[in-house]
Amino acid sequence: METRRIGILGSGDVGQALGRGFARHGWDVKLGTRRPDELRTSMDEGDGVSVGTFAEATTHGDVVVLAVRGDAAEAVVEMVGAANFAEKLVLDATNPLDFSSGDVHLSFGGTDSLGERIQAKLPDASVVKCFNTVSNIQMIDPEFEAGTPPMFICGNDDEAKARTEEILVELGWPGAMDVGDITAARYLEALVPLWVRVGSNLRTWKHAFTAVQ
Ligand SMILES: NC(=O)c1ccc[n+]([C@@H]2O[C@H](COP(=O)([O-])OP(=O)(O)OC[C@H]3O[C@@H](n4cnc5c(N)ncnc54)[C@H](OP(=O)(O)O)[C@@H]3O)[C@@H](O)[C@H]2O)c1
């Protein structure tokens, strides 16, 4: 059964922006972190977001957002355990980024992606790549001077993608641009180093990519 309960795995900029944003839209949100006690003291109770472990956030509702560091994403999913994700919609916002050289590049890609790895670890969940190509400041109630584009998404399950689009519309997006099965995560993740370069050139972090014809 569909609920209005969502667990967000991640307490960084993305986790907090999505947590507060979903709560503002009337969702019952639990944010997952390795350090719930510490985070509880810094989150404002007025934000309407409760805090728990990664496992508690995962089991909180039937929708889960994965919003942890790319290089920790697989370990977090393994730690929580695939059974806790069964039958859930998992919105994967992560990117396998490596900043170690001072520039940003993908840790892996081409014929592989974090989206595919997460789906492979969660065979009984429906993973939809979503939110990974936009800034956390635009994820909820986005505002673009040139008009808000549809959110790029991909995944193997059409029903899960339809539900994702419903959620996106509720959050202020005009809809989703479905670019195919989860292998398309290779290309959505590969957009991100380009997004960083374009942002540096334009001196903004509010931009997004879209297709025009
Ligand atoms: N920042 C953006 O605007 C943006 C936009 C689109 C996509 N993304 C993607 O969204 C994800 C989250 O990004 P972010 O900017 O919010 O912050 P981040 O620093 O990439 O991630 C913070 C989260 O990762 C967890 N984490 C870090 N190292 C860990 C480890 N070794 N084991 C377990 N958990 C670990 C932290 O756990 P604790 O809570 O325990 O500290 C925290 O919840 C990333 O994959 C990023 O590429 C970011």
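For the structure itself, consult the block above.
Described below are features of the structure shown in this document.

Parameters at a glance
Residues numbered from 1 in each chain as written. Predicted model: local features only at pLDDT ≥ 70, side-chain atom pairs only at ≥ 80, totals over all residues. Heavy atoms only, no water. Phe/Tyr/Trp six-rings, centres within 6.5 Å; stacked < 30°, edge-to-face > 60°. Buried < 20%, exposed > 50% of the residue type's maximum accessible area, 1.4 Å probe, protein only. Helix = DSSP H or I, 4+ residues; strand = E, 2+ residues; numbered from the N terminus. Lys NZ or Arg CZ within 6 Å of the ring centre and 35° of its normal. Salt bridge = Lys/Arg side-chain N within 4 Å of Asp/Glu carboxyl O. Polar contact = N/O pair within 3.5 Å; in protein donor to acceptor, adjacent residues only side chain to side chain. Pairing = 2+ DSSP bridges. Right-handed = clockwise from strand over helix to strand, strands pointing away.

1. Topic: the packing of aromatic side chains
Within this structure, the stated rule accounts for 3 aromatic pairs. With a centroid separation of 5.4 Å and an interplanar angle of 85°, the aromatic rings of Phe22 and Trp27 are classed as edge-to-face. Both residues of the pair, Phe22 and Trp27, belong to the buried class. Ring centres of Trp195 and Trp205 lie 5.5 Å apart, and the angle between their planes is 40°; this geometry places the pair in the tilted category. Here Trp195, found in helix H7 (residues 185-202), pairs with Trp205, found in the segment after H7; they are 10 residues apart in sequence, far enough to count as distant. Its relative accessible area of 11% is what places Trp195 among the buried residues. On the basis of relative accessibility, which here comes to 41%, the residue Trp205 falls in the partly exposed class. The aromatic ring of Phe108 is capped on one face by Arg117, whose charged end is 3.6 Å from the ring centroid.

2. Topic: unusual backbone geometry
Phi at Phe131 is positive, roughly 75°, even though this residue is not glycine. Locating Phe131 in the fold gives a position in the loop between strand E8 (126-129) and strand E9 (151-155). The backbone phi angle of Asp141 is positive, close to 50°, even though this residue is not glycine.

3. Re the pattern of salt bridges
Going through the model one piece at a time under the given rule, you end up with 16 salt bridges. Residue Arg5 is joined to Asp28 by a salt bridge in which the shortest nitrogen-to-oxygen separation is 3.5 Å. One end of the pair, Arg5, is in strand E1 (residues 5-9); the other, Asp28, is in strand E2 (residues 28-32), with 23 residues separating them in the sequence. According to the relative accessible area criterion, Arg5 is partly exposed, its value standing at 36%. Where Glu78 meets Lys121, a salt bridge forms, and the shortest distance between an N and an O atom there is 2.6 Å. Note that Glu78 is positioned in helix H4 (residues 70-80) and Lys121 in helix H5 (residues 114-121), a separation of 43 residues in sequence. Taken together, the salt bridges that share partners define one network made up of Glu74, Asp112 and Arg117.

4. Quick word on the environment of Asp71
With respect to the helices and strands, the residue Asp71 is situated in helix H4. Taking C-alpha positions, Asp71 is 18 Å from Cys130, a pair spaced 59 residues apart along the chain. A polar contact of 2.6 Å, which involves the side chain of Asp71, links it to the side chain of Arg69.

5. A look at the pairing of E9
Among the 5 residues that make up E9, 5 are buried, leaving the element largely enclosed by the rest of the structure. As defined by bridge partners, E8 adjoins E9 across 2 bridges and the pair is classed as antiparallel. Looking at E9, one finds that Val128 is bridged to Gly155. Where E9 meets strand E10 (residues 176-178), 3 bridges bridge the pair, whose relative direction is parallel. Across the sheet, the residue bridging to Ile153 is Asp178, located in E10. Chirality of the crossover, the property in question, places the unit of E9, helix H6 (residues 158-170) and E10 among those that are right-handed.

Note that every value here comes from positions in space, so none of it alone points to a role or purpose.
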